[in-house]
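Structural features, examined
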Amino acid sequence: MARRRTVSLRASDKSPKGGLSYSGRNRINKLTGSNLKAPQPGGGPRKRSFCARMSGNKGPMKDSKGRPTRKALALRRWKC
């Protein structure tokens, strides 16, 4: 079984609105050979699949200071 490659993301690779920026997706795709795409907030099978997976993940929607977590930002960006 092949080992997964770990990718360190810079702050510029993360979108302040949640999820990955364009440069972050390109960086991961280039280093790991994956095929990440931009969010699909308009609907479709990718949106339904993402919302079903992410909504079921454990974890808070706000951190200890009351700010939304990366999970909450991503769900909001995808309009879940």
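So, here is what we can say about the structure in this document.

About the cut-offs
- Residues numbered from 1 in each chain as written.
- Predicted model: local features only at pLDDT ≥ 70, side-chain atom pairs only at ≥ 80, totals over all residues.
- Heavy atoms only, no water.
- Helix = DSSP H or I, 4+ residues; strand = E, 2+ residues; numbered from the N terminus.
- Buried < 20%, exposed > 50% of the residue type's maximum accessible area, 1.4 Å probe, protein only.
- Disulfide = S-S within 2.5 Å.
- Salt bridge = Lys/Arg side-chain N within 4 Å of Asp/Glu carboxyl O.
- Axes fitted to C-alpha atoms, helices over the stretch in contact; angles between N-to-C directions.
- Parallel < 35°, antiparallel > 145°, perpendicular 65-115°, else oblique.
- Left-handed = near helix turned anticlockwise from the far one by under 90°.
- Contact = heavy atoms within 4.5 Å.
- Nonpolar A, V, L, I, M, F, W, Y, C, P; charged D, E, K, R; others polar.

1. So, the overall build of the chain
A tally of helices and strands in the chain yields three helices and zero strands. Moving toward the C terminus, one meets the helices and strands of the chain in the order α-α-α. Based on the C-alpha atoms only, the size of the chain along its principal axes is roughly 35 × 30 × 25 Å. Here the chain holds 80 residues, and 24% of them are scored as buried.

2. Points about the state of the cysteines
Within the structure shown, the criterion is met by one disulfide. Each sulfur of the disulfide joining cysteine 51 and cysteine 80 lies 1.9 Å from the other. Here the disulfide of cysteine 51 and cysteine 80 is left-handed, its torsion about the S-S bond being about -75°. Of this pair, cysteine 51 sits in helix 2 (residues 45–55) while cysteine 80 sits in the segment after helix 3 (70–77); the two residues are 29 residues apart in sequence, bridging distant segments of the chain. For cysteine 80, a relative accessible area of 44% translates into the label partly exposed.

3. Topic: the pattern of salt bridges
Any two side chains of opposite charge can pair, given that their charged atoms come close. Using the criterion set out here, one finds three salt bridges in the structure. Across the salt bridge formed by aspartate 13 and arginine 27, the nearest N and O atoms sit 3.4 Å from each other. Remark: arginine 27 occurs in helix 1 (residues 22–32) and aspartate 13 occurs in the segment before helix 1; sequence separation between them is 14 residues. Of the residues examined, aspartate 13 reaches a relative accessible area of 2% and is grouped as buried. A cluster of three or more residues bridged by salt bridges with shared partners is formed by Arg10, Asp13 and Arg27.

4. A word on the packing of helix 2 against helix 3
Packed helix pairs are specified by the crossing angle of their axes together with the interaxial distance, meaning the distance between the axes. Packing of helix 2 against helix 3 leaves a shortest axis separation of 11 Å and a crossing angle of 155°. Here helix 2 is positioned roughly antiparallel relative to helix 3, judged by the angle of their axes. Helix-helix and strand crossings are classified by hand; for helix 2 and helix 3 the assignment is left-handed. Across the interface between the two elements, Phe50, Met54 and Ser55 of helix 2 pack against Lys71, Ala74 and Leu75 of helix 3. For the contact of helix 2 with helix 3, a count of residues per class yields four nonpolar, one polar and one charged.

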